[in-house]
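Structure at a glance
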Amino acid sequence: MKRISILGSTGSIGTQTLDVVAMHPEEFEVDGLAAGNNTALLLEQVRRFKPRRVSVSTKERADEIRSSLPAGVELYSGSEGLVEIAAGGNADTVVTALVGSVGLQSTLAAIEAGRHIGLANKETLVTAGHLVTELAGRKGVKLLPVDSEHSAIFQCLNGENREDVASITITASGGSFRDYGREQLKDVTVEDALRHPNWSMGAKITIDSATMVNKGLEVIEAHHLFALPYEQINVLLHPESIIHSYVEFRDSSIIAQLGTPDMRVPIQYALTYPDRWQSPASRLSLAQVASLTFREMDYERYPALRMAIDCGIAGGTATTAFNAANEIAVARFLRGEIPFLRIEEIIDEVLQRHDNAANPNLEQIRLCDLASRELAATL
Ligand code: MG
């Protein structure tokens, strides 16, 4: 029996994690679920998966659902509630499916409590990767990637000597506007941006895919997860999203992980590692796909990717500022406040004014995150 808790249970990764649980009801026990504001869906999940503990965004939300919860279910709220679901209870693995650096505190709490992490919240590593990986190493906690690219690389590295790795290559679909030139991006709408060609994902990550910020966050995530220098991390455009990423070894052999684009596969692998179980994903027929195509990444077309990698190389609080600026800019775009191309301009302007602090502690990261958000909100 595997006991799991999910931070962000009503989002895209959270609901797909529960799909995996539903496929193997005898094998999983859900200990805790933390949701934000979607209390209707949370209540449905509580009835179906019978967690012992739940948390919602605010005390008001908690009061709304208190009387609808089955007897004995513990109810929490706010950031303390997130920490309670992450670190209290008795889960073996905590799936961190929150969106944004808001997941940092609860992820650190889960690691501190010795829980393995099914890591979907990439912003946590982008914001404070050195602290998260250092704590995980000290606590003997596994950071199991849920992100499809990182799961792919993780799988390709199984049983290999790390010294033999020449490089890793993260593939990128190109996002919703991959066939547009820069000129055509001027007046794209939120609806256009939310139509991802291959993957079904939440709103923020779908916008991040369109700006290629997502790939930038993933490069930084890979740097921390696999302890690789940035020179050994490549990005390649691969519109079909069939090769989820690959590793090249020093003998020039390449090992890639392939499959139909279905997030439930990497989610499940993070929960069953090192075992593999039956999955609901459809089988890949290479004969049917017939051809796979690749293009060199175009950094002029996607300047935000360059910015992300430069921040990664700079280290310190640069990636924190990058991430915070992006989170606010994307939220503003989704609210219809700014045009699409303004997202990368805001990130750039925040970075221009950013004063980088090397090897920051948690408090410096928190302050940098806050200041970058405030600035991005006013630009
Ligand atoms: Mg990904």
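The protein chain is annotated in an unreviewed UniProt entry as 1-deoxy-D-xylulose 5-phosphate reductoisomerase from Paenibacillus tritici. The UniProt entry for the protein chain carries the following comment under Catalytic activity (unreviewed entry): "2-C-methyl-D-erythritol 4-phosphate + NADP(+) = 1-deoxy-D-xylulose 5-phosphate + NADPH + H(+)". UniProt lists a comment for the protein chain under the heading Sequence similarities (unreviewed entry), and it reads "Belongs to the DXR family."

1. Comments concerning the environment of R66
Relative to the elements of secondary structure, R66 occurs in the loop between α3 (59-65) and β4 (74-77). Along the primary structure R66 and Y76 are separated by 10 residues, whereas in three dimensions their C-alpha atoms are 9.9 Å apart.

2. Observations concerning the pairing of strand β5 (residues 93-96)
Burial along β5 is two-sided: T93 and V95 facing one way and V94 and T96 facing the other are all buried. Both strand β1 (residues 2-7) and β5 contribute to a ladder of four bridges, which runs parallel. Bridge pairing in β5 links L7 to T96. Bridge count between β5 and strand β6 (residues 116-119): four bridges; the pairing is parallel.

3. Considerations on the coordination of the magnesium ion
Taken together, D147 (OD), E149 (OE) and E218 (OE) make up the full set of protein donors to the magnesium ion, lying 2.1 to 2.2 Å away. One chain supplies every donor for the magnesium ion, spaced along it as D-x1-E-x68-E. Of the two residues, E149 sits in helix α7 (residues 148-156) while E218 sits in helix α10 (residues 213-225), which places them 69 residues apart along the sequence. Overall, E218 belongs to the buried group, its relative accessible area being 1%.

4. Observations concerning the UniProt feature "binding site: NADPH" (unreviewed entry) in the protein chain
Under the feature "binding site: NADPH" (unreviewed entry), the UniProt entry names T10, G11, S12, I13, G36, N38, N121, E123 and G202. Among the structural elements, G11 can be located in the loop between β1 and α1 (12-23). Among the secondary structure elements, G36 is positioned in the loop between β2 (28-34) and α2 (39-49). Those residues within four positions of G36 in sequence are excluded, and the remaining contacts are T10, V56 and S57.

5. Looking at the nonpolar core
Core analysis: the biggest nonpolar cluster contains 111 residues, and I168, F226, F322, F340 and I343 have the highest contact counts within it. Counting residues per element, this core draws most heavily on helix α14 (residues 318-334), which supplies eight residues. Split by domain, the residues of this core number at least three in each of domain 1 (2-145) and domain 2 (163-261 + 298-314).

6. Some details on the domain arrangement of the protein chain
Each assigned domain of the protein chain is listed here: domain 1 (2-145) and domain 2 (163-261 + 298-314). Across the interface of domain 1 and domain 2, roughly 1,000 Å² is buried in total on both sides, 69% from carbon and sulfur atoms. Of all residues in domain 1, K122, L125 and V126 bury the most surface against domain 2, accounting for 49% of the area lost on that side. Along the contact surface separating domain 1 from domain 2 lie two salt bridges. A salt bridge links E218 to K122; its shortest N-O distance comes to 2.9 Å.

7. Overview of α10
Because an α-helix completes one turn every 3.6 residues, residues spaced three or four positions apart along the sequence face the same direction. The terminal C-alpha atoms of α10, which comprises 13 residues, lie 18 Å apart, in line with the 18 Å expected from a rise of 1.5 Å per residue. Most of α10 is tucked away: 12 of the 13 residues are buried. A positive phi of about 50° marks A227, the residue just after α10.

What counts, and at which threshold
- Numbering of residues begins from 1 in every chain and follows the order in which that chain's sequence is written.
- Selection of residues for local features in this predicted model requires a pLDDT of at least 70, selection of side-chain atom pairs for listing and counting requires 80 or more, and totals for whole chains, interfaces and linings are taken over all residues.
- Hydrogens and water molecules were not included; the side-chain quantities draw on all heavy atoms of the structure.
- UniProt positions are given in the numbering used here, feature names are shortened, and annotations may be inferred rather than shown by experiment.
- Each helix is a run of H or I in the DSSP string that is no shorter than four residues. Each strand is a run of E no shorter than two, and both are numbered from the N terminus.
- Each residue is placed in one exposure class: buried if its accessible area under a 1.4 Å probe, protein chains only, is under 20% of its type's maximum, exposed if it is over 50%, and partly exposed if it falls in between.
- Strands were regarded as paired on the criterion that DSSP finds at least two bridges between them.
- With water omitted from the atoms examined, metal sites may look incomplete; donors here are N, O and S atoms no farther than 2.8 Å from the metal, or 3.2 Å in the case of Na, K and Ca.
- Here, residues are in contact when the closest pair of their heavy atoms is within 4.5 Å.
- To define a nonpolar core, start from buried Ala, Val, Leu, Ile, Met, Phe, Trp, Tyr and Cys residues and group those joined through side-chain atoms within 4.5 Å.
- An automatic or database domain assignment supplies the residue ranges for each domain.
- Accessible area that two parts lose when put together, evaluated with a 1.4 Å probe and summed over both, is termed the buried area.
- When a carboxyl oxygen of Asp or Glu is within 4 Å of a side-chain nitrogen of Lys or Arg, the pair counts as a salt bridge.
- Any helix carries an expected span of 1.5 Å times its number of residues minus one.

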